[in-house]
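Coordinates in review
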Amino acid sequence: MGVAAISTGSIHTFQSRSGARKFPRIEFAAQIEIDGILYPTKEWSVGGFSIGDEKYPGRKGDKHHGNLCFDLPVGRFSTPVQFEVMRASEHGYALGCQFYSLNSGHQKTLQSIVDTYLTGETISLESVTSYGVKAQLHEEEVKRMQQNWWRFALVALVSLTLIVTAALMIQTRVLSITSQHAAVSQPVLTQRSYNNGVLRLGDYKPGQLVKKGELLFTVFTDEGTDLLARDTQLLNGINSQINYLQTLLRQSKESVARYNSRLFSELQLVTNKKQLLEDELATRERILALYVNGVKRGTVDEVSRELERVETFEIKRQIISMDNLIEDIEHKLDQILIGVPPREAQGDLNSPFEVQSKLDILITKKDQVLEEIERLKTRGLAYAPCDCYIVTINASDGQVVQTGTSVFELSPISQENRTARSILALMPLEGAELIKIGMPVEYRLASRDEKLVGTVDHIQYYSASNSDIYNEEGESLSGLPKTLPRLQQYTLIKILPSDSDRDSIVNEPVTVVATVGWKDIFKHWFNL
């Protein structure tokens with residue numbers, strides 16, 4: 001603005017004593033007030049001023065502040081300035097100073113004085129004061145705003161807080177569905193008493209891990225002990241009979257084997273003897289044919305022919321007798337083969353078939369007695385069916401229990417072939433139709449402060465009047481409270497927990513929050 005003012009009228013012909021500069025310097029009387037002391041200037045401009053040597057001590061680079069003062073015919077006018085020493089004498093006194101951080105209003109005031117002076121017009125206090133008042137007002141306004149910035153920030157913060165609070169209230173009321181009851185759940189196995197009697201518990205506590213096959217409790221009675229002793233005695237008698245029959249069976253089989261070998265030898269002998277008789281019969285039949293021809297020719301008498309015929313018939317009778325003997329031997333061998341040897345093969349012993357039948361009956365009876373003994377032994381013993389956590393213990397040591405009394409509730413450790421641990425949450429019926437399978441939900445365990453994210457796996461209607469829930473394997477699921485109002489109705493959701501959730505405890509309370517989107521809200525409101 002100062003340059004524009006210089007370029008008007010005859011100002012461009014002005015050359016200050018210091019030569020051409022960015023801001024023209026004038027010799028209009030001015031004083032610089034520093035720390036209450038007035039120092040006359042040699043010349044000044046909108047950009048700075050110069051003073052005489054040995055007036056004001058200062059070195060190059062020193063920064064100060066003061067007031068630039070003018071004596072006008074009607075009074076004194078001053079404007080605040082900040083300046084830096086640009087030239088200094090060898091003796092340590094300031095010679096030339098430059099303004100910095102000069103307020104635009106104050107700069108306009110100084111420029112108006114320069115323009116008035118250069119154009120030869122009278123410098124009036126009113127004109128200078130008008131610029132000074134505007135600059136002062138501007139400066140005071142800036143200071144006021146700087147002093148009150150925290151009030152504006154506080155108002156903005158309060159407004160932002162109200163907006164965020166309203167948004168959170170809307171989200172909590174419309175978009176967030178919070179569970180009324182929720183807990184960590186897992187399939188529960190009930191270990192019951194198999195007998196009537198006094199319960200003897202081991203040193204177990206809820207939450208403890210037990211291994212598969214570990215003895216959990218015992219229930220023994222005098223009746224069961226007597227039955228076990230009776231069956232044990234009966235088993236000893238059966239074992240003695242079995243040992244006797246096994247010996248008798250071995251002897252009978254050995255006798256039949258010897259008889260079978262003798263029959264084979266006899267069959268071979270008779271077969272060979274039959275073969276010889278058949279050969280002899282063939283020879284006799286040829287001789288008889290010769291005798292027949294001799295009788296016709298008169299060389300052999302008829303008596304000799306008939307005697308030869310008698311011999312031939314005798315051999316045939318012997319062959320027939322041997323055929324009967326061979327058939328009888330083969331029949332006996334067939335009997336031995338099918339397991340029913342002839343009586344003469346056993347002597348005074350029973351047949352192997354009879355002995356084996358008696359032995360089979362005794363073995364079957366033994367198996368039944370062994371099963372009864374095992375049942376009696378395990379009837380009073382209860383073992384862990386799997387690697388499990390103890391959820392609850394429903395009876396105390398020394399208590400008289402009946403068959404079927406629930407003693408332990410066990411929660412199997414999660415395995416690949418079993419249903420994993422999950423979270424059951426009872427949600428209000430209002431807005432439940434906005435919850436979908438597969439949508440993510442936030443939950444927080446009672447034992448941890450951090451929020452975790454799970455996935456909705458199952459949704460169903462739930463009534464407190466029928467609070468038993470079962471999984472696909474038919475095992476009951478724990479976690480739901482047993483003291484809900486009987487007429488209360490909920491939406492039950494099953495949540496698959498986060499992969500990072502490995503420390504949750506069965507029945508541990510949980511808070512579940514299902515957040516739905518505005519899109520789903522609008523679709524529900526307008527039935528789109």
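That block above? That's the structure.
Residues numbered from 1 in each chain as written. Predicted model: local features only at pLDDT ≥ 70, side-chain atom pairs only at ≥ 80, totals over all residues. Heavy atoms only, no water.

1. Re the sheet that holds strand β17 (residues 422-427)
The test is simple: By this definition, two strands are paired if DSSP reports at least two bridges between them. A run of H or I in DSSP counts as a helix once it spans at least four residues, and a run of E counts as a strand once it spans at least two, with each numbered from the N terminus. To obtain each axis, a line is fitted to C-alpha atoms, and for helices this fit is confined to the stretch in contact; angles are then taken between N-to-C directions over 0 to 180 degrees.
Taking strand neighbours across the sheet as the criterion, the 7 strands line up as β7-β22-β18-β19-β21-β17-β8 in an open arrangement whose pairing is antiparallel. Only two strands of the sheet have a single partner each, and these edge strands are β7 (176-178) and β8 (181-185). With strand direction ignored, the average angle separating the axes of adjacent strands in the sheet is 35°. Pairing geometry for β8 and β17, over 5 bridges, is antiparallel. Residue pairing for β17: S185 is matched across the bridge by S422.

2. A look at the side chain of R448
Put simply, the rule is: Counted as a polar contact is a pair of N or O atoms within 3.5 Å, where, for protein atoms, one must be capable of donating a hydrogen and the other of accepting one, and residues adjacent in sequence contribute only when both atoms are in side chains. A contact between two residues is defined here by any heavy atoms of the two lying within 4.5 Å.
Note on placement: R448 falls in the loop between β18 (440-445) and β19 (452-463). Within the structure, the side chain of R448 is placed 2.4 Å from the side chain of E450, a separation counted as a polar contact. Residues within four places of R448 in sequence aside, it is in contact with S500 and D501.

3. Concerning the side chain of S179
Cut-off, in case you're wondering: Only protein chains enter the accessibility calculation, which uses a 1.4 Å probe; a residue whose area is less than 20% of its type maximum is buried, one above 50% is exposed, and one in between is partly exposed.
By secondary structure assignment, the location of S179 is in the loop between β7 and β8. We classify S179 as buried; its relative accessible area is 13%. Look past the residues within four positions of S179 in its chain and what remains in contact with it is A425, L426, M427, V510, T511 and V512.

4. Quick look at the state of the cysteines
The condition is simple: Here, the term disulfide refers to a pair of cysteine sulfur atoms separated by no more than 2.5 Å.
Enumeration over the complete set of coordinates arrives at 1 disulfide. Between C386 and C388 runs a disulfide, and the two sulfur atoms are separated by 2.2 Å. Where C386 bonds to C388 through sulfur, the torsion about that S-S bond is close to 90°, and the disulfide is right-handed. Residue classification places C386 among the buried residues on the basis of a relative accessible area of 14%.

5. Considering the pattern of salt bridges
Threshold: We count a salt bridge whenever a side-chain nitrogen from Lys or Arg sits within 4 Å of a carboxyl oxygen from Asp or Glu.
Considering all chains together, one arrives at 8 salt bridges under this definition. Two residues, D323 and K274, come together in a salt bridge whose shortest N-O distance is 2.3 Å. Note that D323 is positioned in helix α6 (residues 302-337) and K274 in helix α5 (residues 222-297), a separation of 49 residues in sequence.

6. Quick notes on the pairing of β19
Looking along a regular strand, one sees the side chains alternate between the two faces of the sheet. Of the pairings in the sheet, the one linking β18 to β19 comprises 4 bridges and is antiparallel in character. Counterpart to E442 in the pairing with β19 is V453. Here β18 hands over to β19 after 6 residues, the two strands then running antiparallel side by side. As judged from the 8 bridges shared by β19 and strand β21 (residues 489-496), these two strands associate in the antiparallel manner. Along β21, the bridge assignment pairs Y461 with T491.

Just distances and angles here, no functional claims.
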